[in-house]
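Tertiary structure, described
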Amino acid sequence: MTATSGRPGSTPDILIRGKRSLTGGNEPLYVVDGVPVDGEGFANLNNADIKSLEVLKDAAAQAIYGARAANGVILVTTKRGEKRQSTGRL
C-alpha cells in the first residue's frame with residue numbers, strides 16, 4: 001500500500017498480487033458490506049466505521065467474485081448502529 005499523494009481523500013495505490021497488467025488496472029476489488037465499490041468509495045470510508053478488513057488473494061476469491069477478483073479482493077465489514085430498547089423515560 002502506497003499513498004499516491006498527501007491530499008486528504010486521495011485514493012491509495014494497493015497491490016495485492018503484484019503488477020499483473022501493463023495497460024489494464026491493477027486495483028483490487030473492494031467489497032464493503034457485500035457491495036462492490038471502487039477505490040474512491042473505499043478511500044472515503046471513515047476509519048472509525050470499519051469493524052473488520054480481510055484480504056483474499058487466492059483462487060477461492062476468483063471462484064466467488066469471478067474475473068473482477070483477478071487482482072485480489074478486500075472485504076470490509078462496517079460497524080452498524082444497534083437498535084436500543086426504549087425505557088419509556090425521556
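Before any of the text, the structure's been laid out above.
Bear in mind the structure is a predicted one, so any value in this text is a computation, not a measurement.

Structural notes on the overall build of the protein chain
Each helix and strand in the protein chain was counted, giving 2 helices and 4 strands. For the protein chain, with 90 residues in total, the buried portion stands at 22%. For the protein chain, the share of sequence-separated contacts (at least 6 apart) that also reach a separation of at least 24 residues comes to 59%. For the protein chain, the accessible surface area stands at approximately 6800 Å², while carbon and sulfur atoms represent 50% of it.

Description of the environment of L75
Mapped onto the fold, L75 is located in strand β4 (residues 73–78). A C-alpha to C-alpha distance of 7.7 Å links L75 and D33, two positions 42 residues apart in sequence. Not counting the four nearest positions on each side in its chain, L75 is found in contact with V31, S52, L53, E54, L56 and Y65.

Considering the packing of aromatic side chains
Scanning the entire structure with this criterion turns up 1 aromatic pair. A ring pair is formed by Y30 and F42, whose centres lie 4.6 Å apart and whose planes are at 15°; its orientation type is stacked. Of this pair, Y30 sits in strand β1 (residues 29–32) while F42 sits in helix α1 (residues 39–43), and the two are 12 residues apart along the sequence. Neither residue differs from the other here; Y30 and F42 are each classed as buried.

Side note on the sheet that holds strand β3 (residues 50–56)
Taken in spatial order, the 4 strands line up as β2-β1-β4-β3 in an open sheet, and their pairing is mixed. In the strand order of this sheet, the two ends are held by β2 (35–37) and β3, each with one partner. With strand direction ignored, the average angle separating the axes of adjacent strands in the sheet is 25°.

A few points about unusual backbone geometry
Look at D33: it is not a glycine, yet its phi comes out positive at around 50°. Relative to the elements of secondary structure, D33 occurs in the loop between β1 and β2. For D33, a relative accessible area of 29% translates into the label partly exposed.

Details of a negative patch on the surface
The grouping of D13, E27, D38 and E40 at the surface amounts to a negative patch. Mapped onto the secondary structure, D38 falls in the loop between β2 and α1.

Cut-offs and rules
- Residues numbered from 1 in each chain as written.
- Predicted model: local features only at pLDDT ≥ 70, side-chain atom pairs only at ≥ 80, totals over all residues.
- Heavy atoms only, no water.
- Helix = DSSP H or I, 4+ residues; strand = E, 2+ residues; numbered from the N terminus.
- Buried < 20%, exposed > 50% of the residue type's maximum accessible area, 1.4 Å probe, protein only.
- Contact = heavy atoms within 4.5 Å.
- Areas by Shrake-Rupley, 256 points an atom, 1.4 Å probe, with all protein chains shown as cover.
- Phe/Tyr/Trp six-rings, centres within 6.5 Å; stacked < 30°, edge-to-face > 60°.
- Pairing = 2+ DSSP bridges.
- Axes fitted to C-alpha atoms, helices over the stretch in contact; angles between N-to-C directions.
- Patch = residues over 30% accessible without salt bridge, like charges linked within 9 Å, V, L, I, M, F, W, Y side chains within 5 Å.
- Salt bridge = Lys/Arg side-chain N within 4 Å of Asp/Glu carboxyl O.
- Lys, Arg positive; Asp, Glu negative; His and termini not counted.
- Charge placed at Lys NZ, Arg CZ, Asp CG, Glu CD.

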